[in-house]
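# Per-entry structural report
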Amino acid sequence: MTTTFSYSGRFSKDSVETQTAHPAHAKYDFGTAYPPPETAPLDGLVEGLIEGLKREGRDLVYYPDSNGNLALREFTAQKLEADRGFSVDPEDVFLCAGSGEANYCLIQALTDPGSTVVTERFVYSGTLGQLRKAQCNIVGAPIDDSGLIPEALDELFTSLTADGNKPRLLYTIPEHQNPTGSTLPTARRKQIVDICHRHGIPIIEDDCYVDLRFAGETQESFRAMDDSGMVSHVASYSKLLLPGLRLGYFVASKEVRERAIGFRSSSAANHFTSLAVEGFLKNHIQEHKDNLAAALHSKRDAMVSSFGEHFGGTGAKLSQPEGGCYTWLEMPQGADMTGLRDRAFKAGVGYQAGSIFAPNGDGDNYARLCFAYESPEKNREGMALLAQILDDNGMLHAAPAG
Ligand SMILES: Cc1ncc(COP(=O)(O)O)c(C=O)c1O
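Not measured: the values here are computed from a predicted model. (Residues numbered from 1 in each chain as written. Predicted model: local features only at pLDDT ≥ 70, side-chain atom pairs only at ≥ 80, totals over all residues.)

### Focus: the pairing of strand S3 (residues 116-120)
Most of S3 sits inside the fold, with five of its five residues counted as buried. Across five bridges, S3 lies against strand S4 (residues 137-141) in parallel orientation. Following the sheet pairing, glutamate 120 is matched in S4 by alanine 141. Once the chain exits S3 it traverses helix H4 (residues 125-133) before rejoining the sheet at S4, and the crossover so formed is right-handed. (Buried ≥ 20, exposed ≤ 12 C-beta atoms within 10 Å, placed from the backbone. Helix = DSSP H or I, 4+ residues; strand = E, 2+ residues; numbered from the N terminus. Pairing = 2+ DSSP bridges. Right-handed = clockwise from strand over helix to strand, strands pointing away.)

Take a look at the structure:
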């Protein structure tokens with residue numbers, strides 16, 4: 001007879017029970033973080049894969065180079081030079097299982113339990129989870145519609161340092177921020193580089209949405225402004241192509257890279273997938289970016305115009321991002337988007353409550369709406385339904401006059 005083996009007393013002290021995630025989709029799914037499914041370049045990836053396999057498929061018999069596939073690192077180095085304005089040796093590009101793994105490795109290398117890390121006041125929940133796992137003290141810096149406010153950041157660094165909590169790191173998503181959709185202007189980035197130098201605080205720049213711009217101008221990257229090693233630059237092929245590829249990368253100074261890669265989860269990024277990505281992008285990147293931009297633009301417009309129709313005069317605000325996947329809904333104080341989330345899901349609209357993006361869990365009157373996944377028609381209908389749900393739950397009122 002087999003009895004159940006008991007692990008009582010055998011788990012590591014840091015292990016926590018974690019449920020398997022099975023993303024559920026509401027009828028109008030604004031909760032996900034997916035790029036437009038109809039732009040997935042499946043045929044192009046197959047072609048790229050075939051080409052890559054013919055060229056170097058025999059190498060799959062070996063464990064890959066620990067920095068990841070050379071052809072994709074060379075392509076990535078050229079892309080960074082062309083798109084982000086800094087030159088990097090392919091040896092200094094480290095491919096990982098998505099930008100999530102890149103962030104994880106850098107956070108582990110640059111913090112200790114109890115370290116203070118500064119982020120935007122609302123920031124990607126995945127990174128918050130990684131910082132919590134690293135037992136960091138996370139402090140959200142003030143933001144406005146353009147992201148971090150340099151003067152306020154400077155003051156925050158000064159006061160944290162005076163209290164004996166000098167930040168070990170600034171983590172920021174400067175381009176099409178998750179969740180707010182804001183882009184940090186170049187002039188502010190320059191000020192922030194100066195501030196970080198003055199305080200001696202390194203920056204992780206998470207640039208994973210940079211390829212998803214459909215309006216306005218791409219702003220200069222932190223890494224292009226600073227060659228001292230203070231900036232580690234993280235990016236991804238999840239948002240430009242498909243999250244299921246699990247491919248991202250980081251570029252950091254040699255000393256940071258050599259510490260960070262000790263925390264990677266396996267011996268190297270997937271060589272097989274890298275062949276498909278490099279093979280596709282080297283021939284079709286511009287055409288693909290254009291398709292993506294057109295799809296995102298019409299979807300954002302649909303969501304924003306439906307918001308205007310159904311939320312006008314209520315005091316609710318919706319951000320108007322120039323790229324990326326998300327708009328940020330700010331309801332008047334007192335609206336509980338956290339409490340409403342499950343009821344709204346059942347009624348047909350999925351969203352992420354703002355509180356999951358707040359280091360201290362506040363922000364109940366905010367929500368992140370992904371405009372990238374559903375069609376423009378569904379974005380319009382879903383916003384109308386969200387207004388109806390808010391109204392049915394007593395949360396949509398005419399704003400007081402004056
Ligand atoms: C800002 C940011 N960084 C990192 C990630 C992780 O993405 P991936 O690991 O698929 O590159 C995401 C995903 O939503 C994100 O929004």
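### A few points about the nonpolar core
Core analysis: the biggest nonpolar cluster contains 108 residues, and Cys96, Leu106, Phe250, Leu369 and Cys370 have the highest contact counts within it. Sort the elements by how many residues they give to this core and helix H9 (residues 271-311) lands first, with 12 residues. Both domain 1 (28-40 + 287-392) and domain 2 (42-282) contribute no fewer than three residues apiece to this core. Not counting residues within four places of it along the chain, the set of residues in contact with leucine 106 comprises Ile204, Ser232, Phe250, Ala252 and Ala260. (Core = buried A, V, L, I, M, F, W, Y, C linked by C-beta atoms within 7 Å. Domains from an automatic or database assignment. Contact = placed C-beta atoms within 7 Å.)

### Observations regarding the site of the ligand
Near the ligand, the surroundings consist of 15 residues, among which Gly98, Ser99, Gly100, Ser236 and Ser238 are the closest. At four residues, the largest contribution of residues to the shell around the ligand is made by helix H3 (residues 98-110). (Near = placed C-beta within 6 Å.)

### Overview of the pairing of strand S2 (residues 93-96)
The alternating pattern of S2 places Val93 and Leu95 and Phe94 and Cys96 on opposite faces, both of which are buried. Pairing of S2 with strand S10 (residues 248-251), which is carried by four bridges, proceeds in the antiparallel orientation. Bridge pairing in S10 links leucine 95 to tyrosine 249.

### Examining the domain arrangement of the protein
The assigned domain composition of the protein is domain 1 (28-40 + 287-392) and domain 2 (42-282). Distance between the C-alpha centres of domain 1 and domain 2: 25 Å. Mapped by element, the contributors of at least two residues to the side of domain 1 that touches domain 2 are H9 and strand S12 (326-330). By residue number, the principal contributor to the side of domain 1 that touches domain 2 is H9, which donates five residues. The class makeup of the residues in the side of domain 1 that touches domain 2 is 14 nonpolar, eight polar and three charged. (Nonpolar A, V, L, I, M, F, W, Y, C, P; charged D, E, K, R; others polar.)

### Considering the sheet that holds strand S11 (residues 317-318)
With respect to topology, four strands assemble into an open sheet ordered S11-S12-S15-S14, the strand pairing being antiparallel. The open sheet has two edge strands with one neighbour each: S11 and strand S14 (352-353). Two strands pair when backbone bridges link them, and S12 and strand S15 (residues 366-370) are joined in this way by five bridges, in the antiparallel orientation. The partner of tyrosine 326 across the bridge, within S15, is cysteine 370.

### Digging into unusual backbone geometry
Across the chain, the bulk of peptide bonds are trans and the bulk of non-glycine residues have phi less than zero. With an omega of 20 degrees, the peptide bond running from asparagine 178 to proline 179 counts as cis. With respect to the element layout, proline 179 can be found in the loop between strand S7 (169-172) and helix H6 (186-199). Residues other than glycine seldom take positive phi values, yet histidine 176 does so here, at roughly 50 degrees. If you trace the backbone, histidine 176 turns up in the loop between S7 and H6. Given 26 C-beta atoms within 10 Å, histidine 176 falls into the buried group. A positive phi is found at arginine 246, a non-glycine position, where the angle reads about 50 degrees. Looking at the secondary structure, you find arginine 246 in the loop between strand S9 (231-236) and S10. Among the residues examined, arginine 246 registers 17 C-beta atoms within 10 Å and is labelled partly exposed.

### As for the sheet that holds S7
One open sheet accounts for seven strands, arranged S2-S10-S9-S8-S7-S3-S4; its pairing is mixed. Among the strands making up the open sheet, the edge pair consists of S2 and S4. Along the sheet, successive strands turn relative to each other by an average axial angle of 20 degrees, direction set aside. Inspection of the sheet shows strand S8 (residues 203-206) paired to S9 by four bridges, in the parallel sense. (Axes fitted to C-alpha atoms, helices over the stretch in contact; angles between N-to-C directions.)

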